[in-house]
Amino acid sequence: MTMVQDEDLRLLRDSVGTLLDRAGGLGRARRVRDDDTPWDAGIWQELAAAGVLGVAAPEEAGGLGMGLTAAGVVAEEIGRVTAPEPVVPTIGLAIGLMQRLCRQDPMLEAAIAGDVVLAVAWQERCATGLSDDIECRFDGTTLTGSKDWVVGASGADHILVLAEGPRGSVLVRIAADASGLLMQTRLQSDASELWGISFADTPAEVLAEGAQVTDALTNAVADTTALAAAELVGLSGTALVLTLDYIKTREQFDKPIGSFQVIQHRAVDMHVSQEVSQAAVREALAAMDQAGSTLERVRQASRAKARACTAAQKITREAIQLHGAVGYTDEFDVGLLLNRALVLSAWLGDAAFHRRRWLDANETEVAAQ
Amino acid sequence: MTMVQDEDLRLLRDSVGTLLDRAGGLGRARRVRDDDTPWDAGIWQELAAAGVLGVAAPEEAGGLGMGLTAAGVVAEEIGRVTAPEPVVPTIGLAIGLMQRLCRQDPMLEAAIAGDVVLAVAWQERCATGLSDDIECRFDGTTLTGSKDWVVGASGADHILVLAEGPRGSVLVRIAADASGLLMQTRLQSDASELWGISFADTPAEVLAEGAQVTDALTNAVADTTALAAAELVGLSGTALVLTLDYIKTREQFDKPIGSFQVIQHRAVDMHVSQEVSQAAVREALAAMDQAGSTLERVRQASRAKARACTAAQKITREAIQLHGAVGYTDEFDVGLLLNRALVLSAWLGDAAFHRRRWLDANETEVAAQ
Amino acid sequence: MTDWNGISDEEFRREVRAFFEAEYPEELRHLPHRPKFAEIEHWHVKLHAKGWVAPAWPIEFGGMGLEAAKLLIFYEEQQHYGVNRGRDMGIQMVGPLIIKFGTEAQKDYWLPRILSCEDIWCQGYSEPGAGSDLANLRTSAMIDGDNFVINGQKIWTTMAHDATHIFMLVRTDPDAPKKQQGISFVLASMDQPGVDVRTITTLAGETEFCEVFFDNARTPRANLVGEINKGWSMAKALLSFERIFIGSPGLAQNALGQLETFARGRGAFDDPVFRDRYAEAALDVEDHAALYSRFADQLKRGETLGADVSMLKIWVTETYQRISELMIEVAGPDGGSIGPLQVGNVGVDVLASFYKARPTTIYGGSNEIQRNILSKAVLGL
Amino acid sequence: MTDWNGISDEEFRREVRAFFEAEYPEELRHLPHRPKFAEIEHWHVKLHAKGWVAPAWPIEFGGMGLEAAKLLIFYEEQQHYGVNRGRDMGIQMVGPLIIKFGTEAQKDYWLPRILSCEDIWCQGYSEPGAGSDLANLRTSAMIDGDNFVINGQKIWTTMAHDATHIFMLVRTDPDAPKKQQGISFVLASMDQPGVDVRTITTLAGETEFCEVFFDNARTPRANLVGEINKGWSMAKALLSFERIFIGSPGLAQNALGQLETFARGRGAFDDPVFRDRYAEAALDVEDHAALYSRFADQLKRGETLGADVSMLKIWVTETYQRISELMIEVAGPDGGSIGPLQVGNVGVDVLASFYKARPTTIYGGSNEIQRNILSKAVLGL
């Protein structure tokens, strides 16, 4: 893994930030939602052209090879303006899997270039929620079963699916318009869609098989989890800025509400949470770039997500409270941030889930020493 | 169970309160501690003469028959001044067991009259703390084994011991100076003592045997737990009063610290916790007086202790913080309250323990319906 | 006519419950949103026929004349069975205002129209610059012949887009030395050219709140309620009962019930960590109810409640929020999904609960304002 | 003499660790109380011989001359191995004060005596009326010929009963227009009739803090440090390094280690509820360390730290308190017991940890004051 210089990261942050701000900044998320489109294809192309989608992918596959630290910078910027494009799932899951399992497949380069959009279907639902088992079957040519919580499927051209095949775990690819494919769409609070997908004898193409698939999945999910944490850091940073601006200008009892000591201390606690969260998530991403073992990567990813969820929930909820009634309206941007924080916290495990995983990983690590 | 009138409770509170205030109020706890005596035998006699020890015991045994609601009033008053006398363990455990198991035994009346002091040894220690099993053996005449966390033993004349006998559970009585008895004393933060006691062929007298023993113990422990909660309510009430007095008078930056909004809101949160705690514990005690089942009594006791521990810990810890540096000195009374809250929270299970028990009891109740 | 206050509490509770069970439409139980009047009109007709539209009003004005104890029971049963409160601003606020401060002519004209819902009322209190600091309001009503001419803007006017009338606090003396002075209560029709209503979309996507703009709107001088320039103290007098109502356990109890249903369906009760948090929340609700009973008993004994009743609102709204957050946690990967989540045969709308809990710590006097009040009026700080 | 700043961080860390492991007395590791000098004198002798008494002082004055990066490593290793800081007021506070603001004569006289611990110093800042509001101090030092005559009272003077000298902030101009003005730094001997020391017993039963009474005590005018009446800004300048030191992770990390040892011994890691709380606390410590590193890196780059460094202290002290409360919970029925609780071969003094954590949110500028500072200086509120 290349050591990325601070200066490169700064340049990356500037260019992605400028691109997103020029595109409309935070307000764009509301516009895209009200236009009833999942995201903006033009911005997607611009992001891809800036190298964003391949930021962590190896250079020989058309990526920038800058590692997770750099991908985290991108994710923070995405979060800062709650950009609706599925950048993190694409970098972390789709490209993350392909760069590990089928680096020669031409679709990897196409995905990095933004020409093909891929979604990944790996989770399944049971009666009480998330299932621990994979029931989806691949018989060598077709796929049968169902997947759930598929992110970014609305605009995807192909879907990568995790299934059980004749030789164990298998990652297959299906076209978004393949036969026997049924989708059920659920809207989320940030206007993004989650898909439940079922397959009945749906033709599918094998990308990889065996233990390497589960190993690649574990790593790709860890990456994505940490990047979701970075996205939360960006988002809660904006919530804090908006809140500080608001309490400095909103007057009640003939003075800015930010001059009341109770409001001041709560703003301080939001600020401290934000600083701790940012420092922890960035440190975790850097540690993942350096890590020797999958276990350590999983541990750091859980650490990052646990912290970022805790901080973002606290900050966005306090932001609403400190905005008072206007915070509860769609007119103010702070609601967009709360709604996106709900989605990002729910995705890939919330704080309690990741605290548990972190401690388990810690103990496994100690036991192995 | 007699329904006690509000007016009777008010009179009881006044008389016990006056007695304790005349004896020295909150400051007495420090004096008794510095005198290196476990408690004040004169006050003990006064309390007994006022009927305090028999407040919940049946009238035919020399008690007042006023139920747990009235005992709760006594416990609140004891807590209010952190009186060092073992009133709650005596009412709840010693008298609570005897009035259920051996109402005819003349020592019950003597205990209510304050002429004989009894401690109860029912818990045992294992490697990780509290044991679930009773290893202490009674062979029909003598006792062998060990007990721990015995409260109020320092001044006791006799000890009631829970053991396994030839016919199951057995409650026996031993003299405090019996042969083969060894004690190990541990000092607690409030200067009270916990005893670990071991027996080797110690002569013991049977008070009761069989299932009635465990049933009586369950009920007596529930009573004591709820009374400990009431004692915590009394003490956290004093911590709140002291803190309010202090922040109204202590000046920094040329005004009382109680005029800073952050301090005000924290005082409000302490106040609200205190009011909820008092209302909940009193309601729980009243419900226990009315309850038809042991399960409901256990549920209400756990509810009371969970709430009172949570509130008292929050209030005493905040009290220290709002007192600033002086709160950390022994000179100020607020430290006495913190130290007693530590002991009462640890005794008979803390908040987390009782939340668990409360929910278990809730579910058992629902399942039984 | 039954003397409701003459029967026992238990009997009254049974009667109320029986009526709701027999007559309240199943499809309207526990409505997740505030209905427009048309949606609940058939229920209102039944309630009106029964004479139960206005439980708190004196019998002479068409109310049930309930004393505090019975009134609390009525509301408890209403909340427990999930009976929608309906468009009750007229009943809860305008009626008591007119009964207490209105002229005979006002009583004769307005009260029957409130009971029949011929007039649907909304409340014009808050303004963009007057939220927590309500006395800062600026909407003016200046006398012009036999009319007041109204100019300004109200905000957070619940369901104004489905109301025929508004009762409002307005500034009638802009030169009063203190901002609490020079404020009056006026009634006005919404159906006139100078009144413009725009709905506000919330972050939950709902449109219950409105902005109301007044541009030389008019209302007859006869629609002034009470003395001119004395509106502020009248408004405070109206709040006394609302203060325990807003701190009642209903919302949190319902949310806890939903949490339990949802968590059982999702198997969360097998998780000791969830069990601990659930028990904590459930005890927060149960113990709040104990404190609520203490205040309710005061009311039942005919005592007036002091400022300390504010603590009920602080506790119950913050508990409600924690419960709604726990529901999100139990939902796991579904925690961001809009609409009911199926467990067994029931759907639990986790996100709707979360949203609904948000503004409870803001409206009705934010919890920060409540803490200021308690600090000053109760703790003497 | 080794050029410590010239070797790599890793090598320096190894050297420091090796010295502590070889030379620091086992029985003094992780001392639960602040020792009197006699108790640690044998260790001080070794440290002095090695030339390591004053890591931060310039080499010319007998220090190690460490740059920020090395200094942090030194302290990290010290804390990690449980090396007692000793009676280091002279090293940490008086030395830097004299080096920065003292005369040549003061440097020549006092600095060697600090290094050798011939003089043991205590710090006279707080007064009964000047805690959070330190500038409110009233102890006066009035010029009388060649002396200052000192009257007043200091409080919370750590280990004053085992000190030979006190450096103190005193009021030299009672008529200054602002209370921050007219304050000076003076050094004084404790060994004189006008100085009376009384220990304060804490609720933990310890006597580390003292009151110091001055009744016409005297000190030569030569013991004024820096300009007269300019003490306040000098005191603030001295704080800059202390502000990261007081927010360093050491205390919380040690407490977490104790919690882990204790909880393993008590089987608490089998309880999922404890596991969740432990993980929460452990992550609070680990993530604080990430933020601490960010500030430490700033120092290492030679940057000055701003007011925002205060957040380290807020976070770490509150985390420390929660960890100490968790220990009490794990102790269960032993949670009120004084003294070490045995788990396996080790004793963990749960109550001592709990007590020790209490004042950390009060001293060094209470966390309320820190929040005021952050609000104003960092958030611009």
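This text goes with the structure placed above it.
In short, a report on the structure. Owing to the predicted nature of the structure, the values given are computational and were not obtained by experimental measurement.

With respect to the interface of chain C and chain A
Each side of the interface is counted separately: chain C has 41 residues, and chain A has 37 residues. When chain C packs against chain A, the two sides together hide about 3200 Å² of surface, and 55% of this comes from carbon and sulfur. The largest share of the area that chain C buries against chain A comes from Leu203(C), Pro333(C) and Ile362(C), three residues that together contribute 20% of it. The interface formed by chain C and chain A holds 6 salt bridges in total. With a shortest N-O distance of 3.6 Å, Arg186(A) and Asp334(C) are connected by a salt bridge.

Things to note about the pattern of salt bridges
For side chains of opposite charge, pairing can occur when their charged atoms come near one another. One pass over the structure, following the stated rule, counts 136 salt bridges over all chains. Where Asp330(B) meets Arg33(B), a salt bridge forms, and the shortest distance between an N and an O atom there is 2.8 Å. Here Asp330(B), found in the loop between helix 9 (294–323) and helix 10 (334–346), pairs with Arg33(B), found in helix 2 (residues 27–34); they are 297 residues apart in sequence, far enough to count as distant. Under the relative-accessibility criterion, Arg33(B) is labelled partly exposed at 26%. Note that Asp287(C) is salt-bridged to Arg307(B), the shortest N-O span being 2.6 Å. Of the two residues, Asp287(C) sits in helix 8 (residues 272–300) while Arg307(B) sits in helix 9, which places them in two different chains.

Some details on the relation of the copies chain C and chain D
For the pair chain C and chain D, the relating rotation is 180°, the translation along its axis is 0.0 Å, and the fit reaches an RMSD of 0.1 Å. The transformation just described matches what one would write down for a two-fold rotation axis. Taking C-alpha positions as the reference, the residue of chain C nearest the rotation axis is Val273(C), at 2.4 Å. Mapped onto chain D, 100% of the interface residues of chain C are again interface residues, and the two copies thus contact each other with one and the same surface.

Here's the deal with the state of the cysteines
Residues and elements named next belong to chain C. With the rule as written, the count across this model stands at 0 disulfides over all chains. Free cysteine: Cys117, not disulfide-bonded; nearest cysteine sulfur from Cys122 at 13 Å. We classify Cys117 as buried; its relative accessible area is 12%.

What about the pairing of strand 9 (residues 193–203) of chain B?
Residue and element names in this part refer to chain B. Two elements, strand 5 (residues 142–151) and strand 9, share 7 bridges in a ladder whose sense is antiparallel. Paired with Val150 across the two strands is Trp195, which belongs to strand 9. The hairpin formed by strand 8 (residues 181–187) and strand 9 contains 5 residues between the paired strands, and Ala191 there has a positive phi angle of roughly 75°.

Description of the interface of chain C and chain D
When the parts come together, some accessible area is lost, and that loss is often what is quoted as the size of the interface. Contacts between the two partners involve 4 residues from chain C and, on the opposite side, 4 residues from chain D. A buried area of about 350 Å², summed over both sides, lies between chain C and chain D, and 62% of it is on carbon and sulfur atoms. A per-residue breakdown of the area chain C buries against chain D is headed by Pro272(C), Val273(C) and Asp276(C), which together make up 83% of the total. Summed over the shared surface of chain C and chain D, the result is 2 salt bridges.

Examining the side chain of Ser375(C)
As for its position among the elements, Ser375(C) is in helix 11 (residues 367–378). Every residue in contact with Ser375(C), bar those within four places of it in the chain, is listed here: Gln264(B), Val268(B), Gly380(C) and Leu381(C).

Quick look at helix 9 (residues 310–331) of chain C
Residues and elements named next belong to chain C. Relative to the 32 Å expected for 22 residues at 1.5 Å per residue, helix 9 spans 32 Å between its end C-alpha atoms, a close match to the ideal helical length. Of all the 22 residues making up helix 9, 19 are buried; the element is thus mostly covered by neighbouring parts of the structure. Within two residues after helix 9, Gly332 carries a phi angle of roughly 55°, on the positive side.

Description of the environment of Ile40(C)
Residues and elements named next belong to chain C. By the element assignment, Ile40 lies in helix 2 (residues 37–50). Owing to a relative accessible area of 3%, Ile40 belongs among the buried residues under this scheme. With 23 residues separating them along the chain, Ile40 and Arg17 place their C-alpha atoms 19 Å apart. Setting aside anything within four residues of it in sequence, one finds Ile40 in contact with Leu28, Pro35, Gly86 and Arg87.

Some details on the packing of helix 3 (residues 68–81) of chain D against helix 8 (residues 272–300) of chain D
Residue and element names in this part refer to chain D. Direction vectors running N to C along helix 3 and helix 8 enclose 140°, while the axes themselves pass 7 Å from each other. Accordingly, the angle class assigned to the pair helix 3 and helix 8 is oblique. Contact with helix 3, carried on its side by Ala68, Ala69, Leu72 and Glu76, involves Tyr292, Ala296, Leu299 and Lys300 of helix 8 and no other residues of that element. Looking at side-chain class alone, the contact of helix 3 with helix 8 contains 6 nonpolar, no polar and 2 charged residues.

Side note on the side chain of Lys70(C)
Inspection of the secondary structure assignment puts Lys70(C) in helix 3 (residues 68–81). If sequence neighbours within four positions are ignored, Lys70(C) has contacts with Trp4(C), Asn5(C), Ile7(C), Ser8(C), Asp9(C) and Phe12(C).

Quick notes on unusual backbone geometry
Residues and elements named next belong to chain C. Here Asn216, not a glycine, exhibits a phi torsion of approximately 55°, which is positive. For Asn216, the location among the structural elements is in strand 7 (residues 209–220). The backbone of Asn229 sits at a positive phi, close to 70°, despite the residue not being glycine. Here Asn229 is to be found in the loop between strand 8 (224–225) and helix 6 (231–245). For Asn229, a relative accessible area of 26% puts it in the partly exposed group.

Quick word on the packing of aromatic side chains
If you walk through the whole model with that rule in mind, you get 48 aromatic pairs over all chains. With a centroid separation of 5.3 Å and an interplanar angle of 70°, the aromatic rings of Trp110(C) and Trp121(C) are classed as edge-to-face. Residue Trp110(C) is found in helix 5 (residues 104–115), and its partner Trp121(C) is found in strand 1 (residues 121–124); the two are separated by 11 residues along the sequence. In this structure, Trp110(C) and Trp121(C) share a single accessibility class: buried. Taking the centre distance of 5.2 Å and the plane angle of 90° together, the rings of Phe269(C) and Phe274(C) count as edge-to-face. For the pair shown, Phe269(C) and Phe274(C) are each scored as buried. Pairwise contacts between aromatic rings join Trp4(C), Phe12(C), Phe19(C), Phe20(C), Tyr24(C), Trp43(C), Trp52(C), Phe74(C), Tyr75(C) and Phe245(C) into one cluster. Over the face of the ring belonging to Phe260(B) we find Lys255(B), whose NZ or CZ atom lies 4.7 Å from the ring centre. Taking NZ or CZ as reference, Arg358(D) lies 4.1 Å from the ring centre of Phe354(D), over its face.

A few points about the pairing of strand 8 (residues 181–187) of chain A
In this structure, strand 8 of chain A lies alongside strand 9 (residues 193–203) of chain A, joined through 7 bridges in antiparallel fashion. When the bridges of strand 9 of chain A are listed, Gln184(A) appears paired with Gly196(A).

Description of the packing of helix 8 of chain D against helix 9 (residues 310–331) of chain D
All names here are of chain D. Their axes nearest at 10 Å, the elements helix 8 and helix 9 cross at an angle of 160°. In terms of axis orientation, helix 8 runs roughly antiparallel to helix 9. You can see that helix 8 and helix 9 cross each other, and the crossing is left-handed. On helix 9, the residues touching Phe274, Arg277, Tyr278, Ala281, Asp284, Val285, His288, Leu291, Tyr292, Arg294 and Phe295 of helix 8 are Met311, Leu312, Trp315, Val316, Thr319, Arg322, Ile323, Leu326, Glu329 and Val330. Of the residues assigned to the contact of helix 8 with helix 9, the class counts are 14 nonpolar, 2 polar and 5 charged.

Quick notes on the rules
- The residue numbers shown here count from 1 along each chain, following its written sequence.
- In the order they appear in the text, chains get letters beginning with A and ligands get numbers beginning with 1.
- Given that the model is predicted, a residue must reach a pLDDT of at least 70 before its local features are reported, and side-chain atom pairs must reach 80 or more before they are shown or counted; all residues, however, enter totals for whole chains, interfaces and linings.
- Hydrogen atoms and water are omitted, and side-chain values are computed over all heavy atoms in the structure.
- What makes two residues a contact is simply this: any of their non-hydrogen atoms within 4.5 Å.
- Buried area: the sum, over both parts, of the accessible surface (1.4 Å probe) that disappears when the two are put together.
- Put simply, a salt bridge is a Lys or Arg side-chain nitrogen that is within 4 Å of an Asp or Glu carboxyl oxygen.
- The secondary structure listing takes helices from DSSP runs of H or I that are at least 4 residues long and strands from runs of E that are at least 2 residues long, numbered from the N terminus.
- Three labels apply to residues, based on accessible area from a 1.4 Å probe with only protein chains included: buried if under 20% of the type maximum, exposed if over 50%, partly exposed otherwise in between.
- We place the copies in one frame by least squares, fitting the C-alpha atoms of every residue whose pLDDT is at least 70 in both.
- A pair of sulfur atoms, both from cysteines and within 2.5 Å, is called a disulfide here.
- Two strands are counted as paired when DSSP detects at least two bridges linking them.
- For a helix, the expected span equals 1.5 Å multiplied by the residue count minus one.
- To get an axis, a line is fitted to the C-alpha atoms, and for a helix only the part in contact is used. The angle between two axes follows their N-to-C directions and goes from 0 to 180 degrees.
- Throughout, the term roughly parallel applies to angles under 35 degrees, roughly antiparallel to angles over 145, roughly perpendicular to angles from 65 to 115, and oblique to all others.
- Each residue gets one of three labels, nonpolar for Ala, Val, Leu, Ile, Met, Phe, Trp, Tyr, Cys and Pro, charged for Asp, Glu, Lys and Arg, and polar for the others, Gly among them.
- Note on aromatic pairs: the rings of Phe, Tyr and Trp (six-membered ring only in Trp) are paired at centre separations within 6.5 Å, and the planes decide the class, stacked below 30 degrees, edge-to-face beyond 60, tilted for the rest.
- For a ring to carry a charge above it, either NZ of a lysine or CZ of an arginine must fall within 6 Å of the ring centroid while also lying within 35 degrees of the normal to the ring plane.
- The hand of a helix crossing depends on one turn: near helix anticlockwise from the far one by less than a right angle means left-handed, and clockwise means right-handed.

Read these as spatial facts, not as claims about activity.
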